[in-house]
Every structure is written in C-alpha cells, then in structure tokens.
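Notes for the structure review
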Number of protein chains: 2
Amino acid sequence: MPIWAYDCAMARAATTSDAFNAIAAPQRREILVLLRGGERPVTDLARDLGMTQPQASKHLRVLREVGLVRVRGAGKQRLYGLDAHGLRPVREWVGGFERFWNESFDRLDEYVHELKQARQEASHDGDDQ
Amino acid sequence: MPIWAYDCAMARAATTSDAFNAIAAPQRREILVLLRGGERPVTDLARDLGMTQPQASKHLRVLREVGLVRVRGAGKQRLYGLDAHGLRPVREWVGGFERFWNESFDRLDEYVHELKQARQEASHDGDDQ
DNA sequence: TTGACGCATGCCGATATGGGCATATGATTG
DNA sequence: CAATCATATGCCCATATCGGCATGCGTCAA
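My aim in this report is to walk through the structure given alongside it, one point at a time.

What counts, and at which threshold
- Residues numbered from 1 in each chain as written.
- Chains lettered and ligands numbered in written order.
- Predicted model: local features only at pLDDT ≥ 70, side-chain atom pairs only at ≥ 80, totals over all residues.
- Heavy atoms only, no water.
- Helix = DSSP H or I, 4+ residues; strand = E, 2+ residues; numbered from the N terminus.
- Contact = heavy atoms within 4.5 Å.
- Near = heavy atom within 4 Å.
- Polar contact = N/O pair within 3.5 Å; in protein donor to acceptor, adjacent residues only side chain to side chain.
- Expected span 1.5 Å × (residues − 1).
- Buried < 20%, exposed > 50% of the residue type's maximum accessible area, 1.4 Å probe, protein only.
- Arc of directions from axis to C-beta.
- Pairing = 2+ DSSP bridges.

Here the focus is the overall build of chain A. Counting its secondary structure elements, chain A contains 6 helices and 3 strands. Walking chain A from its N terminus toward its C terminus, one meets helices and strands in the order α-α-β-α-α-β-β-α-α. Pairs at least 24 apart in sequence give 46% of the contacts found in chain A among residues at least 6 apart.

Structure, rendered in structure tokens:
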C-alpha cells in the first residue's frame, strides 16, 4: 500500500464557475425563463417554480455570481432581473455546432474534410478553450 | 429536536441527465470541439487534451450517454464521433434569450411588455416543469 | 421600539463527480 | 494460444451540490 499521495482537489466544477455550469440545473433555467417576463421578487419566483423560498434564493445567488441576473432593492423586496449577456458565450459555443446537426452523418466526413482544408488555408483558428 | 426525517435523495443532477449537464464541464466541451474535426480514438483525444486515458474515457462515456457522441469500433481502436443533435435543445433554449443581450436594459421593459401581450393573445404557454 | 414581512444564510446529510492509479475486458497479431 | 495494444472500469478520496428546516438580517408599519 503506497503512500497514496492523493492530490484530489475539486470534485466537480462549481456551479458558479461559468454560465455553462449555472444553466445546467433545470430550475435555474426556469428561473431565467421566468425572468424574461420582467423583474420579480424571490417569493414570487419560488411560488411559480414550486420550490421553497430558500431554494430559490440559493439558485438566484448562483445566477447572480455568474452574472446572469441582477438584483435591485425595492423596499422590502429584492427584485431580480435578467442579464442575459452571460449567455452569449454559451450561444456562441453551441453555434459552432449548428452545421453538424443539419448534415447527415454519411456526408459528414466530406464536410469535415472541407472544413479542415478551409481552416488550413485560412489559418483561421481561435475557438477552442 | 424533531426526528429529522431527512428525505435527501440526490445532490446534484447527474452529468448524464442531459446535454446541459454534459457540456457543463469544459473538458467535455473541448472534446466535442476536437470531434468536430472528425472521428478520433480515445488516446488521441486524451493526449490532445492533456488528460489521462481513463479520464478521457470517462468523459466520453458521459457524452455517449447523453448521445452527443457515437462510437465505432475500428479494429483495436474505438473511434468516437460527434453527434451534435443533442445540442439543439441547448441552442434553442439559449436562442430564446438572444434579443435580451441586444437590447439595453432601459428599453427592456417595453420589450417585455410587447412579449407579454403577444403571449397572451397567442395563449401560447407550456414550459413549466 | 416592537412586530411583521421578505429574503439570505447556516447547518445537516446523502450523493455523484472528477482526478489518480491499477486492472479487467476486447480485439489483433504472431 | 499467448502476447500486446487500445479502452473501459473499479476504487479511493475530497469536494460541492441540492434539499429541508431554522434563523439572522434589513426594511417598513404601527
């Protein structure tokens, strides 16, 4: 039995790492959808989503930390509002795959071939990471 | 002090729940990006991503379970290929927010108003749960 | 000031992840 | 068949998450 110098650091990326992680949770996605309808207080959201107020608050905290929602104190209430800017990276990343679900897989190889050549000639990179 | 009838079931949605969770991990996103260049064997991907082979296999397993990649045995190797169909839901969901990052927040309220009216007239709901 | 209301946090427990390494499984070649 | 290469799994651990409930904190009303 060796010394097992385990260097285990983190288990799973924090939900607050980025928008990708934040929107992984369905509940958080629903919150964002609701927020498209305008600013709303926490309790309201909680009720509509059928979750407890603390849960809603926690989800909202995550969304706030990644910058997907803003808060604005309105008297006793705190109105949460959508700030969709943070979703752009997601949109762009996914957008890079659009052509791949429009093509059948049999023809995909050719497609890929073209892409490869085009990329080499244009020396046009800058999407990974 | 009650009996603490804790009903805690699951902690966090499985990464294999859906595409949203699967692509939450940066490494998995990178794999998909690499796969845009065509089918590739595991070891290849692992090397390019600077991760161990087991790790790559595990990530690929997740991606396979949500249907984002396909496998094809090619001799000793197993060629993984992209199957981007599963990304459509993501694309569509995010797409629902496009207008929100093109508009300034001051004008957002009007926007929202229009949306609300349009929705009421169309009586078009059906997103909860 | 005391209440009351709205929201944020804290704590507990169960779970699954992700990383590391060792090894089982599969397929191919000699 | 045995040996080998390519992958897939199995375990270990540390961590963060989510769910439930209780309570702290800030704001407004009486």
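Let us keep going from here.
Okay, the protein's contact with DNA strand D next. The environment of DNA strand D is formed by 31 residues, the closest being Ala11(B), Pro41(B), Thr43(B), Ser57(B) and Tyr80(B). One of the backbone nitrogen or oxygen atoms of Thr15(A) is found 3.1 Å away from a phosphate oxygen of DNA strand D. Contacts to DNA strand D include Arg61(B), whose side-chain N or O atom sits 3.4 Å from a phosphate oxygen. When residues of the surface near DNA strand D are traced back to their parent elements, those giving at least two are α2 (26-35) and α4 (53-65) of chain A together with α3 (42-49), α4 (53-65) and β3 (77-82) of chain B. It is α4(B) that provides the largest number of residues to the surface near DNA strand D, a total of 5 residues.

Residues and elements named next belong to chain B. Counted at 1.5 Å a residue, the expected span for α4 with its 13 residues is 18 Å, and the 18 Å between its end C-alpha atoms agrees. Among all positions in α4, only Ala56, His59, Leu60, Val62 and Leu63 are buried. Around the axis of α4, the buried residues are gathered within 155 degrees of arc, so they sit on the same side. Elements that come into contact with the buried residues of α4 comprise α1 (19-22), α2 (26-35), α3, β2 (69-74) and β3. Gly67 sits one or two positions beyond α4 and adopts a positive phi of about 75 degrees.

Residue and element names in this part refer to chain B. Where strand β1 (residues 40-41) and β3 come together, 2 bridges link them in antiparallel fashion. Pairing of Arg40 across the sheet is with Tyr80, part of β3. Of the strand pairs in this sheet, β2 and β3 are connected by 6 bridges, and their pairing is antiparallel. If you follow Gly73 over to β3, its bridge partner there is Arg78. Adjacent in sequence and paired antiparallel, β2 and β3 are bridged by 2 residues, among which Gly75 carries a positive phi angle near 70 degrees.

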